[in-house]
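Structure assessment
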Amino acid sequence: MKKETIDRIRKFTEDRDWDQFHSPENLAKSIVIEAAELLECFQWDNDAFDEEHVKEELADVLIYCQNMLDKLALDVDEIVNRKMERNEAKYPVEKARGNAGKYDEL
């Protein structure tokens, strides 16, 4: 996310004094709830979904993820790149390409 966007999320939370409600547990719950609402967009039809609604729910997930990053003082690039390194080791291209199997089934 761009710095301006992150700053906007932080200001929104700060202006409303909502950080007091943003425990890691509450944020994790909120991420799951919003992810379920995102999934609901595709519940009955994978092709005929409301793209605007998908964007709203996905934005909610990302906003709560940014709040969680802030709460735990984590750097998104650091944790994503560390996870990508692990994924790349688990799923080497020569074994995983075109295969949806789990790493221990490749």
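One structure accompanies this document, and this report is about it.

How each quantity is defined
Residues numbered from 1 in each chain as written. Predicted model: local features only at pLDDT ≥ 70, side-chain atom pairs only at ≥ 80, totals over all residues. Heavy atoms only, no water. Helix = DSSP H or I, 4+ residues; strand = E, 2+ residues; numbered from the N terminus. Rg over C-alpha atoms; globule rule 2.2 N^0.38 Å. Contact = heavy atoms within 4.5 Å. Buried < 20%, exposed > 50% of the residue type's maximum accessible area, 1.4 Å probe, protein only.

**Focus: the overall build of the protein chain**
The number of helices and strands found in the protein chain is five helices and zero strands. Ordered by position from the N terminus, the helices and strands of the protein chain form the series α-α-α-α-α. On C-alpha atoms alone, the protein chain measures out to a radius of gyration of 17 Å, which is more than a quarter above the 13 Å that the 2.2 N^0.38 rule sets for 106 residues. Overall, the protein chain is about 50 × 35 × 25 Å in size when its C-alpha atoms are taken along their principal axes.

**Some words on the side chain of Asn 67**
As for its position among the elements, Asn 67 is in helix α3 (residues 51-71). Excluding anything up to four places from it in sequence, Asn 67 contacts Ile 9, Thr 13, His 22 and Leu 27.

**What to know about unusual backbone geometry**
In this structure, Asp 17 takes a positive phi of about 55 degrees despite not being glycine. As for its placement among the helices and strands, Asp 17 is situated in the loop between α1 (3-15) and α2 (24-40). Even without glycine at this site, Ala 73 takes up a positive phi of about 55 degrees. For Ala 73, a relative accessible area of 68% translates into the label exposed.

Nothing here speaks to function; it is geometry throughout.
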